[in-house]
Amino acid sequence: MRLLIYIIFAILAQISLSASTNKPHVINLHREQYRADNKNWSIGQDERGVMYFGNDIGLLEFDGIEWNLNRLPNSLIARSVAVLSHKTIFTGSYEEFGRWDRDISGKLVYTSLSDHVDKALFKNDDFWKIWVTNDHVYFQSFNSIYVYDYNEVKRIPSEKGFLFLTKVRDEFLVQQMNGPLFSLKGDYLEKIEGSDIFNNTDVRVILPYQEDQYLIGTATKGLYIYDGKEFREWNKTLSGVLHATELNCGILSSKGIYFFGTILDGIYQVNVEGNIVDHISSANMLQNNTILSLYEDNLGNVWTALDRGLAYIQYIENMSCYTDPTGNTGAVYSGVYWNDKLFIGTNQGVFYTTHDGLKTSDALSDMKLIEGTQGQVWTLKIIDDVLYCCHNKGLKEIHKNLSVSDAFSIRTGVFNISEATVKDQDLLILSTYSSIKIVDRKTKQVYSPGQISEPIINAQFDHLGNIWLEHFNRGMYRCKLEDDFSGFRTFSYYGGNNSDDLPYKVKIFKVGGRIVLLGNSQFYTYDDIANKIVPSIQLNKCFNNVRNLKQIIPIKDNLFWAVTSASIYKFSYDGYEASILEDYNLGRNLSLVNGYENISILSDSSSLICLDNGFLLYHRKDESRTNAYLLSPYLESMRTYNMDGNIEYKDIAHFSEVHYDFNTVTFSFTSSNAFASDLSFQYMLENVDKEWSAPQKISSVSYPRLPTGEYKFILRTVDNLGNYSDTVEYGFEVLAPWYQNIWAYMLYTILIMIVLYIIWLLILRRYRNLHLQKIRLRETRRLKVLTNELQQEVEQKSAELLTQTSFIIQKNELILKIKDIIDDFYSKNKTSALIPLYQKINALLNNSMNSEDDWKTFLIKFEEKHTNFFKKMKMLYPQLTNTDLRLCACLKLNLETKEIASLMNLSVRAVENSRYRLRKKLNIQPSQNLNEFFLDID
């Protein structure tokens, strides 16, 4: 298995290659903001796959998507880094060491541990190594070792100082400066016997060797093996190389390979026998040769801290990578293994190398061009042990002595060549720039069917004898050849905007003699019974989650390769069932030839994947390989904002309640190995998003001004293969503003009830008023009628009273006149005979004038009109007599004195006297009219 190596120049260069020696692929990624191209001293990784780098400007943090810079106090250099967990990181620098703890916002906050120690003890000293255990953290400078038990810091001094503290298995080893080795036992040092051989040199590397031994690397004395009893030199050849290049650091990978970083010449990969299996340096891939630190991550890939920049060495399973960043060989379109040599066809010609040549570091750049093949090569194919080259200048034959000749007389460019047997004739079918050519392999005769004069890139016969022609740019043809191959008996055109609902561009391949089509990531097949093209249900279901399918390449029998722009799939399909067997994510660093993606089959177990600057060699080794399982992402933090830009962070371990003013919500998240696996994120917010977002390489997402309600944020990772991780969910609630909470609604309810009650009262009052108005109107009408009646009755009573009064007055006046007449007659005729009659008449008249019945009738009528008048007068003026009251009644009627005198049978003089007396009894002023006084009394 080879390694793929990525170089980070400004931020990161990533290197990939296989376990065998090869030319790695180089990619440059620039991140000037954090200056990762500065000097990097140390590397660490947490359980979530987040990387940490001790850098000249601080602690760099890389989650695979974004870089974050955490500056130390006074902008110190981070010399050393050690990771306890995602929550806690330790760093050492100049006269300073301490811990970083992640707060609720997801950011690292620094706490100095050296402030609790007398800094005079490490004045002008740097802390170069940090080792973390469950119980202790060890900070090592050149003068002392400080042990932190998560409560307090203790110092382990040395008179001569230390070089580098190293942890091997569960043991700590350290070299005294230019002296022997010591083993750290608790808080004291124990000298290792026999280690005086390291006096006057620097022990740079101590690594585990086999089960219980140690591999010790020095700067100037080479390599040694220590078995617990004695030291012995190991592999003098390798020691000589590392001595000349000055060994600086090293690790033992999980794959059993030693990586040695040097000061002068990059990285050497060494097996357990001490043999160099690869050498990575600035001569082929690294930005510079000074290696300051090496670290293997949780995927078994290696990060390299350089004097300038970082490098990443990544394994791709079952793959060997051969890339040429200089572009000397060009883009690879095809390859074959023939005559113990590997041949590749590129846009510059055909190159070859031997099997042993593939083992060198510069395998691709060492490939040799075959003279006569210069130009665009489309396909290399072996037929009957003859190597054919489909070339821009026609069909060429490459001989075993590597000479080149034209095969047949084609006179046009050839895209592809295939074999076919038609009516017992063995044929070669050539897909050319102008149509197809048919070659009789026995007679060597070349046929050129007419009618279709267009570039054909692929041609295939189906089980019915139809030949399908794939156009170079659009659609395809289904044809029937004439018996003499001179033309086409019939042909039908599909795709290419032909109003048949097929994609514009279609690829063809065969499964068991039947033609299968691929276009716009959808599969189709030809239904010969219905004579139409229909979707392939099995294949479309199999590749349901795969996008951007470019090409299908048969391997053998029912095995095929499927190619996308960034991944490849090995799958089986027998016409009835389809299943993906293997998938490989080529990631961000490798690119197939755009528009001409291809995989060449070298053997049943080996294939060559064509790249735009090289190729990958696939060789199936691990039959038990299973598709990668994506780990769920991690939700780092949730922060909320208000309109003023103020921020609040929520504890993502619990359901959160968000204040309404802080209803702009931002989620931050990470995923394990997002960089190595080239992962993207998909997210959705329930009650806001209707479907998953498109895959994005982001580490945070914001939702502005969320309305009141409960929400659930859902997150997952997705790779280039269409695989999804399990989801991560987080629920929260945006609280209603104070005027929308339960108490407010209760208040609103009460207020509404009060308002409704007031409205009801107002309505009731209005209806009452209306009712009262109606009643009053009705009563007014009734009273008016009654008043009219009363008025009429009063008028009637007044008339009756007036009539009665007038009657009495007239009667009295009449009686007086009669009496005067009788008196006058009697005085003139006074006889004794008339005296009795006179007296009798006079008595009768006097009785008639003083009749109480008349007064009773008068008083009754008077009371009917002036009710309670006498009672009120008697109550107000109890001294009044009946005669006075009668006079009051006459005055109330506004009678004149003469009328009163006639009514009361009094003389006018007597009435005047009575009026005078009454005025005094009533205490009425002389100036006040007596009649008006009584008129005012009701």
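Below is a short write-up of the structure. Please read all numbers here as calculations on a predicted model, not as lab measurements.

## Observations regarding the overall build of the chain
When its secondary structure is counted, the chain shows 10 helices and 65 strands. The C-alpha atoms of the chain give a radius of gyration of 61 Å, which is well past the 30 Å a tight globule of 938 residues would have. In terms of overall dimensions, the chain has C-alpha extents of about 210 × 100 × 40 Å along its principal axes. Considering the chain as a whole, with its 938 residues, one finds that 52% of them fall into the buried category. Taking as baseline every contact in the chain between residues at least 6 positions apart, the subset at least 24 positions apart corresponds to 49%.

## Some details on the environment of Trp-338
In this fold, Trp-338 is placed in strand β31 (residues 332–338). The sequence separation of Trp-338 and Thr-354 amounts to 16 residues, and the corresponding C-alpha distance is 9.9 Å. Setting aside residues no more than four positions away along its own chain, Trp-338 makes contact with Phe-343, Ile-382, Asp-385, Leu-387, Ile-398, His-399 and Lys-400. Among the polar contacts made by the side chain of Trp-338, one reaches the side chain of Asp-385 at a distance of 3.1 Å.

## Quick word on the side chain of Ser-536
Here Ser-536 shows up in the loop between β50 (532–535) and α2 (537–542). With residues up to four places along the chain from it excluded, the contact list for Ser-536 reads Phe-523, Tyr-524, Thr-525 and Tyr-573.

## Things to note about the nonpolar core
Residues Phe-869, Met-873, Leu-880, Ile-900, Leu-918, Leu-922 and Phe-934 are the most contacted members of the largest nonpolar core, which totals 27 residues. Secondary structure elements with two or more residues in this core: α5 (852–865), α6 (869–876), α7 (882–892), α8 (897–904), α9 (908–922) and α10 (930–935). Of the residues forming this core, the biggest block, six residues, is contributed by α7. With residues up to four places along the chain from it excluded, the contact list for Leu-880 reads Met-873, Lys-874, Leu-885, Cys-888, Leu-918, Lys-921 and Leu-922. Counting residues in hydrophobic clusters, the runner-up holds 24 residues, among them Tyr-683, Leu-715, Phe-732 and Val-734.

## Looking at empty space enclosed by the protein
Here the structure, examined in full by the defined rule, presents three cavities of 30 Å³ or more. Roughly 100 Å³ of volume is contained in the largest cavity. Gly-49, Met-51, Trp-303, Asn-673 and Phe-675 are, among the 16 residues lining the largest cavity, the residues nearest its centre. Considered class by class, the residues forming the lining of the largest cavity number eight nonpolar, five polar and three charged.

## Quick word on α8
Side chains that are three or four residues apart share a direction in an α-helix, a result of its 3.6 residues per turn. By the criterion of burial, α8 is predominantly enclosed, with six of the eight residues buried. By the burial criterion, the buried members of α8 are Thr-897, Ile-900, Ala-901, Ser-902, Leu-903 and Met-904. Note on α8: the residue one or two positions beyond its end, Asn-905, has a positive phi of about 60°.

## Structural notes on unusual backbone geometry
Located in the positive-phi region is Arg-169, a residue other than glycine, with phi close to 55°. As for its placement among the helices and strands, Arg-169 is situated in the loop between β15 (162–168) and β16 (171–176). Arg-169 gets classed as partly exposed once you look at its relative accessible area, which sits at 32%. A positive phi is found at Lys-423, a non-glycine position, where the angle reads about 50°. Among the structural elements, Lys-423 can be located in the loop between β39 (414–422) and β40 (425–432).

## Re the pairing of strand β9 (residues 96–102)
Within β9, six of the seven residues are buried, which leaves it mostly tucked inside the rest of the structure. Relative to β9, strand β8 (residues 88–93) is paired through six bridges, and the arrangement is antiparallel. Of the residues in β9, the one forming a bridge with Phe-90 is Arg-99. Taken together, β8 and the strand that follows it, β9, pair antiparallel across an intervening segment of two residues, in which Glu-95 is found at a positive phi of about 55°. Direction of pairing for β9 relative to strand β10 (residues 108–112): antiparallel, over a ladder of five bridges. What sits directly across from Asp-101, in β10, is Val-109. Taking the residues that link successive antiparallel strands as the turn, the β9-β10 hairpin has five residues, and the phi of Gly-106 there is positive, at about 90°.

## Some thoughts on the packing of aromatic side chains
Overall, the coordinates contain 65 aromatic pairs when judged by the stated rule. Linked through ring pairs, Phe-667, Phe-669, Phe-681, Tyr-683, Tyr-703, Tyr-711, Phe-713, Tyr-730 and Phe-732 together constitute an aromatic cluster. Above the ring of Trp-692, the side-chain terminus of Arg-716 is found at 4.1 Å from the ring centroid.

## Quick notes on the sheet that holds strand β17 (residues 181–185)
Sheet architecture is open: four strands sit in the order β15-β16-β17-β18, paired in antiparallel fashion. Of all strands in the sheet, those with a lone pairing partner are β15 and β18 (188–191), marking the two edges. In this sheet, neighbouring strand axes are inclined to one another by 35° on average, regardless of whether the strands run parallel or antiparallel.

## Quick look at the packing of α7 against α9
Packed helix pairs are characterised by how far apart their axes lie and by the angle those axes make with each other. Axis separation between α7 and α9 bottoms out at 11 Å; the angle between their running directions is 95°. The orientation of α7 relative to α9 falls into the category roughly perpendicular. Every residue of α9 that contacts α7 at Asp-884, Leu-887, Cys-888 and Leu-891 is listed here: Ser-914, Arg-915, Leu-918 and Lys-921. Classifying every residue of the contact of α7 with α9 by side-chain character gives four nonpolar, one polar and three charged.

## Here's the deal with the sheet that holds strand β52 (residues 559–563)
With respect to topology, four strands assemble into an open sheet ordered β51-β52-β53-β54, the strand pairing being antiparallel. Edge positions in the sheet fall to β51 (551–556) and β54 (578–585), since each of these pairs with one other strand and no more. The average undirected angle you get between the axes of adjacent strands in this sheet is 25°. With seven bridges connecting them, strand β53 (residues 567–573) and β54 associate as antiparallel partners. Residue pairing for β54: Lys-570 is matched across the bridge by Glu-582.

## Some thoughts on the packing of α7 against α8
α8 packs onto α7 with a crossing angle of 135° between their chain directions and a minimal axis gap of 10 Å. The orientation of α7 relative to α8 falls into the category oblique. For the crossing formed where α7 meets α8, the hand is right-handed. Counted together, Thr-883, Arg-886, Leu-887, Cys-890 and Leu-891 of α7 and Ile-900, Leu-903 and Met-904 of α8 form the full contact between these two elements. A per-class count over the contact of α7 with α8 returns six nonpolar, one polar and one charged.

## A word on a nonpolar patch on the surface
Residues Leu-747, Ile-750, Leu-751, Ile-754, Tyr-757, Ile-758, Trp-760, Leu-761 and Leu-762 make up a contiguous nonpolar surface patch of about 860 Å² in total accessible area. Summarising the element assignment, Tyr-757 is placed in helix α3 (residues 742–828). For Tyr-757, a relative accessible area of 48% puts it in the partly exposed group.

Calculation criteria
- Residues numbered from 1 in each chain as written.
- Predicted model: local features only at pLDDT ≥ 70, side-chain atom pairs only at ≥ 80, totals over all residues.
- Heavy atoms only, no water.
- Helix = DSSP H or I, 4+ residues; strand = E, 2+ residues; numbered from the N terminus.
- Rg over C-alpha atoms; globule rule 2.2 N^0.38 Å.
- Buried < 20%, exposed > 50% of the residue type's maximum accessible area, 1.4 Å probe, protein only.
- Contact = heavy atoms within 4.5 Å.
- Polar contact = N/O pair within 3.5 Å; in protein donor to acceptor, adjacent residues only side chain to side chain.
- Core = buried A, V, L, I, M, F, W, Y, C linked by side-chain atoms within 4.5 Å.
- 1 Å grid on protein atoms, 1.4 Å probe; cavity = no way out; pocket = protein on both sides within 12 Å on 5 of 7 lines; lining within 4 Å.
- Points joined across faces, edges and corners; volume = space filled by probe spheres on them.
- Nonpolar A, V, L, I, M, F, W, Y, C, P; charged D, E, K, R; others polar.
- Pairing = 2+ DSSP bridges.
- Phe/Tyr/Trp six-rings, centres within 6.5 Å; stacked < 30°, edge-to-face > 60°.
- Lys NZ or Arg CZ within 6 Å of the ring centre and 35° of its normal.
- Axes fitted to C-alpha atoms, helices over the stretch in contact; angles between N-to-C directions.
- Parallel < 35°, antiparallel > 145°, perpendicular 65-115°, else oblique.
- Left-handed = near helix turned anticlockwise from the far one by under 90°.
- Patch = residues over 30% accessible without salt bridge, like charges linked within 9 Å, V, L, I, M, F, W, Y side chains within 5 Å.
- Areas by Shrake-Rupley, 256 points an atom, 1.4 Å probe, with all protein chains shown as cover.
- Salt bridge = Lys/Arg side-chain N within 4 Å of Asp/Glu carboxyl O.

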